[in-house]
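Geometric and topological summary
This is what each chain is made of:
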Amino acid sequence: MEYEAVIGLEVHAQLLTQSKIFCGCPTTFGAPANTQICPVCLGMPGVLPVLNRRAVEFAVKMALATNCRIAPESVFARKNYFYPDLPKGYQISQYELPLAEHGFLEIQVNGQPQKIGITRIHLEEDAGKLMHSESRPVSFVDFNRTGVPLIEIVSEPDMRTPEEAVEYLRGLRNILLYLEICDGNMEEGSLRCDANISLRPMGATKFGVKTELKNMNSFRFVRQALEYEIRRQRALLSEGREIVQETRLWDANQGKTFSMRGKEEAHDYRYFPDPDLMPVRINPGWQEELRRSLPELPAARAERFQTELGLPAYDAEVLTGDKALADYFEAVLQEFPQPKQVSNWVMGEVMRELKKEETGIAALKVSPQNLGRLLALVDQGTISGKIAKTVFEEMVHTGHDPEKIIQEKGLAQISDAGALEAQAREILAAHPKEVAEYKAGKTKVLGFFVGQLMRQTKGQANPQLANEVFRKLLS
Ligand SMILES: [Zn+2]
């Protein structure tokens, strides 16, 4: 039987506020353990939480950017469970009345636009972090992360393939980065993704039993975990066995998911409104103010790249799919205002380099100004397009400017007819047979001679000039 996967994602994004969501403790990543704590985030008796306005502002921005409806009133609730990293014994989250609902995100998969529904976005606090000793039978807990503000973005079960899930996650991350409200770092856990996945016979409308996947801290792991889970569930269903509803952990080393625990139901958490916090009311004026403050988002930027810069849809999509890359592209344009040529280089050489090193553009030693100047040098005929690639390689390694590299390595194009003529004569003298062929009317041999000269000059001869020189000598 053919099966279809049904996938929904729950994404947690850590908001880039200076302080925690209900107290004034700093949120600096990597501080020594338990140095950013106070009675409020430790859940001491008698303390009261105070909501961080900036956290609400960031959450509203994300909700607006993903086409959600902002609730006129949302309520914080206590989610009760016991775990050593949760000193209060409950996590403050939003349950029945979340901050925003009914949004969507448009993604592109294989060039096809697709709308993925967003069920809700709510605010909540993060828990602490447990560290298990490898040498002794003890565990440690760091409460620095306790109370750091998060938004949880819950999607509709609208995705059917791992590729769609990854594209959706990329899209969300991209918007968070455009809004500058989350650093999007999956390895450090500031962006976390859990997936719900079930299989059903192709064409069926009823959902199958789902499992929840956790611990996937990169796009690659999300794709691999979903692919693995599809194979696992398909094998069980094909044998007529049942899927157990449970939470499973992705083990990147083994490339498998493992059962972690039976899935809790909402009633296990005994949610109730937090009596210490007032309902959150977003007045229309503030909402409008935040809407107006939204920066240009990826979709609008892609549109502008097409209409104003005349780029093809594909280029616009790729460049704006990564804010830093789009910023880089526009910075190169400042230096060399020819959009398609710049796009070709950014999508070609630059992206190839980033892929090879598996780094973001921030780590690239080639500044946008230097890339712009390199392209200008090609445009002016100082170097050929081929030599430009060699110069670019050198720029990647040294970070030097192109003029310096061209000068030091003597790579400037030879555009002096006299300098080329001597070498051209030698080539003709060494190939009497080809010269005879040319004189007999086989003019195509000219390409052979030019090729020889290009090889001798290591690509530095101006090709047009080389053609002229040979024509003159052979006439
Ligand atoms: Zn605190």
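Okay, so let's go over this structure. For clarity, every value in this text was computed on a predicted model and none was experimentally measured.

Below, the discussion takes up the packing of aromatic side chains. Two numbers describe a pair of aromatic rings. These are the distance of the centres and the angle of the planes. Taken as a whole and assessed by the stated rule, the structure comprises nine aromatic pairs. Chaining the aromatic ring pairs together yields one cluster made of Tyr 81, Tyr 95, Tyr 269 and Tyr 271. The aromatic ring of Phe 104 is capped on one face by Lys 115, whose charged end is 4.3 Å from the ring centroid.

Okay, the nonpolar core next. Counting 104 residues, the largest nonpolar core has Leu 9, Met 62, Ile 151, Tyr 168 and Leu 371 as the members making the most contacts within it. Leaving out residues up to four positions away in the same chain, Leu 9 has contacts with Ile 153, Val 154, Ser 155, Met 159, Ala 165, Tyr 168, Leu 169, Cys 193, Asp 194 and Ala 195. Counting 17 residues, the second-largest nonpolar core is a separate cluster that includes Val 445, Phe 449, Leu 453 and Leu 474.

Now for a nonpolar patch on the surface. Taken together, the side chains of Met 131, Val 138 and Phe 140 define a hydrophobic patch exposed on the protein surface, amounting to about 240 Å² of accessible area. The topology assignment puts Met 131 in strand E8 (residues 129–132). Judged by its relative accessible area of 36%, Met 131 falls in the partly exposed class.

A word on the coordination of the zinc ion. Around the zinc ion, the donor atoms from the protein are Cys 23 (SG), Cys 25 (SG), Cys 38 (SG) and Cys 41 (SG), and they sit 2.3 to 2.4 Å away. Every donor counted, the four donor atoms about the zinc ion form angles of 100 to 113° at the centre, which fits tetrahedral coordination.

A word on the pattern of salt bridges. This model, assessed by the stated rule, comprises 33 salt bridges. Each of Glu 180, Glu 296, Arg 301, Arg 304, Lys 323, Asp 327 and Glu 330 takes part in one network of salt bridges that share partners.

This paragraph deals with the pairing of strand E13 (residues 246–251). Bridging between strand E12 (residues 211–214) and E13 involves three bridges; their strand directions are parallel. Considered in E13, the bridge of Glu 212 is made with Thr 247. Taken together, E12, helix H3 (residues 219–238) and E13 form a β-α-β motif whose crossover is left-handed. As paired elements, E13 and strand E14 (residues 256–262) share six bridges and run antiparallel to each other. Residue pairing in the sheet places Trp 250 in a bridge with Thr 257 of E14.

Its place among the elements puts Arg 304 in helix H5 (residues 298–307). Residue class for Arg 304 comes out buried when judged on its relative accessible area of 19%. Separated by 2.9 Å, the side chains of Arg 304 and Glu 330 make a polar contact. Here Arg 304 is in contact with Glu 296, Leu 309 and Glu 330, once residues within four sequence places are set aside.

A few words on the sheet that holds strand E4 (residues 76–80). Spatially, the three strands line up as an open sheet ordered E5-E4-E15, and their pairing is antiparallel. Since the sheet does not close on itself, it has two edges, and those belong to strand E5 (90–94) and strand E15 (272–273), each with one partner. Note that E4 and E5 share five bridges and pair antiparallel. Note on E5: the bridge partner recorded for Ala 77 is Ser 93.

Calculation notes
Residues numbered from 1 in each chain as written. Predicted model: local features only at pLDDT ≥ 70, side-chain atom pairs only at ≥ 80, totals over all residues. Heavy atoms only, no water. Phe/Tyr/Trp six-rings, centres within 6.5 Å; stacked < 30°, edge-to-face > 60°. Lys NZ or Arg CZ within 6 Å of the ring centre and 35° of its normal. Core = buried A, V, L, I, M, F, W, Y, C linked by side-chain atoms within 4.5 Å. Buried < 20%, exposed > 50% of the residue type's maximum accessible area, 1.4 Å probe, protein only. Contact = heavy atoms within 4.5 Å. Patch = residues over 30% accessible without salt bridge, like charges linked within 9 Å, V, L, I, M, F, W, Y side chains within 5 Å. Areas by Shrake-Rupley, 256 points an atom, 1.4 Å probe, with all protein chains shown as cover. Salt bridge = Lys/Arg side-chain N within 4 Å of Asp/Glu carboxyl O. Helix = DSSP H or I, 4+ residues; strand = E, 2+ residues; numbered from the N terminus. Donors = N, O, S within 2.8 Å, 3.2 Å for Na, K, Ca; no water. Tetrahedral: all angles 85-135°; square planar, octahedral: opposite > 155°, others 65-115°. Pairing = 2+ DSSP bridges. Right-handed = clockwise from strand over helix to strand, strands pointing away. Polar contact = N/O pair within 3.5 Å; in protein donor to acceptor, adjacent residues only side chain to side chain.

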